Amino acid sequence: MVDVTRRSFVGFAATLPLLAHNPWAQAQIETASAAATSDEVLINFNESPWGPSTAARQAMQDGIDLSGRYPYKIQDRLNALFARQQGVPAEFVQTYCGSKLALQHAVHAFTQQGSLVVAAPSYEDPVQAARGRNVAVHEVPLNAEHAHDLPRMLAADHQPGLIYICNPNNPTGTLTARNAIERALKDKPKGSILLVDEAYIDFSQAITCIPLVKDHPDLLVLRTFSKIYGMAGARLGIAVGNPALLEQLEVFGNYNVPAASSLLGAIASLEDAPLLAQRKQNNTRLREETIAWLSARGFRCTASQANCFMIDVRRPAVAVVKALAERHIHVGRVWKEWPTWVRVSVGTDDDMRRFREAFAKVLA
């Protein structure tokens, strides 16, 4: 749960009771707080090692001069550009100060009269947001292919408020097929909202669910600039859905306006046509090289299509995380459902080389 230490203080405070009783989570916080020098390899937060593109950096610099005003017009420009590229009306798009904020608002909005259904393991923030409001949560294990077990998720509650799908999934990086998501949209209870979090989709071969929002008023899709665009610190996310659905999110945070620099950086990123293919290619190469190296040494990894993957280290993973941190290699936290697995984010060539060297020593 260490991700919350670099996000909103409110989100972090809500997790304190849980962290106090989870040694594996506490170990993650301790290793993250130690990662402050240039000698550290930071492959723990699913961040982009490349940061914003050159065009985005220049646009973000230009945005500083506009910071004395609310950038509503720039926000509208970004919404319109994203909508045009995705083939949906502009009123179906809204930007937020990070996709996590939109996700929290969705949990608050759509679980007032029903439960939350999620996969396990998956991104924990929806569960934390729900339990902070005493909402019932149904956690359904991933299937044998480490994808969302959508039939079981639909059977978990006859009338859930919100069904959350992270695709590709965090922490496993694995895909749930779009045709399975379409079936879930057809089969789910009427009135339940299906939320597809596509934070990692640009790293994958998956087909986006965004076009489906035009015909499914109970579908919400989230995107972020934190991952492949390298703007995690700029805090910018997008929610796509029927305007009536977006209005329900606004109740929990109206006039949500990201900084002008973030908005301009996002516009420049979307207009940089070669950027996604270049970064996807680099990420895929580094991920597959590392997984092949691990597989050759007998370690099983998830079939990831994201900028992270998981390794079964065949022993308590918390100890492995700690041992790697002592060698200045900081990897992801451990999920309670998979206590022998550790998540690794994809870094630079040098990051992954140093990870392999340290891993070989720790797991010798």
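It should be emphasised that the depicted structure is a prediction, and the values quoted were computed from it without experimental measurement. (Residues numbered from 1 in each chain as written. Predicted model: local features only at pLDDT ≥ 70, side-chain atom pairs only at ≥ 80, totals over all residues. Heavy atoms only, no water.)

## Digging into the environment of Arg 69
Short version of the rule: Each helix corresponds to a stretch of at least 4 residues labelled H or I by DSSP, and each strand to a stretch of at least 2 residues labelled E; elements are numbered beginning at the N terminus.
Positionally, Arg 69 belongs in the loop between helix H3 (54-63) and helix H4 (72-86). Between the C-alpha atoms of Arg 69 and Ala 260, which are 191 residues apart in sequence, the distance is 8.5 Å.

## A word on empty space enclosed by the protein
Threshold: Only protein atoms enter the 1 Å grid used here. Points where a 1.4 Å probe fits but cannot escape make up a cavity, open sets with protein on both sides within 12 Å along at least five of seven lines make up a pocket, and a residue lines them when an atom lies within 4 Å of a point. Grid points are joined across faces, edges and corners, and a volume is the space filled by probe spheres set on the points. Any residue outside Ala, Val, Leu, Ile, Met, Phe, Trp, Tyr, Cys, Pro, Asp, Glu, Lys and Arg is labelled polar, Gly included; the first ten of those are nonpolar and the last four are charged.
With the rule as written, the count across this model stands at three cavities of 30 Å³ or more. For the second largest cavity, the calculated volume is near 40 Å³. Forming the walls of the second largest cavity are Glu 47, Ser 48, Pro 49, Trp 50, Phe 203, Lys 227, Ile 228, Arg 279, Asn 283, Asn 307 and Val 346. Split by residue class, the lining of the second largest cavity holds five nonpolar, three polar and three charged.

## Describing the packing of aromatic side chains
For clarity, the cut-off: For Phe, Tyr and Trp, rings pair up if their centres lie within 6.5 Å, where Trp contributes its six-membered ring, and each pair is then called stacked (planes under 30 degrees apart), edge-to-face (over 60) or tilted (otherwise). For each residue, the accessible area found with a 1.4 Å probe, counting protein chains only, is set against the maximum for its type, and the residue is called buried under 20%, exposed over 50%, and partly exposed in between. The rule for a charge over a ring is simple: NZ of Lys or CZ of Arg within 6 Å of the ring centre, and within 35 degrees of the ring normal.
Taken as a whole, this structure holds six aromatic pairs when the rule is applied. Ring centres of Tyr 70 and Tyr 72 lie 5.7 Å apart, and the angle between their planes is 35°; this geometry places the pair in the tilted category. Residue Tyr 70 is classed as exposed on the basis of its relative accessible area, which comes to 66%. Through pairs of rings, three or more aromatic residues link up here, namely Trp 293, Phe 299, Phe 355 and Phe 359. Above the plane of the ring of Phe 299 lies Arg 314, whose end atom (NZ or CZ) is 4.3 Å from the centre.

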